[in-house]
Amino acid sequence: LAKAVQWNGDTARCGFPRAVAEQRQRQVLDFLRANVPQTERVDLFDAICGPERCDAAVGEQLLYRDAGHLSREGSVQVARTSALARALGTAPAGSR
């Protein structure tokens, strides 16, 4: 991803449509439901994607280290803005 930003010269050009990300996620969830039926799902899309697009960066901070994994900064972004902490019962005081 860093190379893509380097080639494009702009982090805004490295995002992707949310529908593409959701389709990939559906494929993973279908596989998990078929092979690990007790799997629970926590939806994190709203923490990192807008209604139409998933950005690759916030400002100059890259959110992904590659096409399928969040960077450290991306993980922090998700933890701060998602239902993940609440789902795990570890939400900081005053969080959404």
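Reading the values: rules and limits
Residues numbered from 1 in each chain as written. Predicted model: local features only at pLDDT ≥ 70, side-chain atom pairs only at ≥ 80, totals over all residues. Heavy atoms only, no water. Disulfide = S-S within 2.5 Å. Buried < 20%, exposed > 50% of the residue type's maximum accessible area, 1.4 Å probe, protein only. Salt bridge = Lys/Arg side-chain N within 4 Å of Asp/Glu carboxyl O. Helix = DSSP H or I, 4+ residues; strand = E, 2+ residues; numbered from the N terminus.

Chemist: How would you summarise the state of the cysteines if you had to cite specific residues and measurements?
Modeler: Under the defined criterion, the tally for this structure stands at one disulfide. Between the sulfur atoms of cysteine 49 and its disulfide partner cysteine 54 the distance amounts to 1.9 Å. Between cysteine 49 and cysteine 54 the sulfur-sulfur dihedral comes to about 100°; the bridge is accordingly right-handed. The same class applies to cysteine 49 as to cysteine 54, namely buried.

Chemist: Outline the pattern of salt bridges, listing residues and values.
Modeler: This model, assessed by the stated rule, comprises three salt bridges. A salt bridge links arginine 18 to glutamate 22; the nearest nitrogen and oxygen atoms lie 2.8 Å apart. Note that arginine 18 and glutamate 22 are positioned in helix α2 (residues 18–35) at a spacing of four residues, about one turn of the helix. Overall, arginine 18 belongs to the buried group, its relative accessible area being 10%. Of the charged contacts in the structure, one is a salt bridge between arginine 18 and aspartate 46, with a shortest N-O distance of 3.0 Å. Residue arginine 18 is located in helix α2, and its partner aspartate 46 is located in helix α3 (residues 45–48); the two are separated by 28 residues in the primary sequence.

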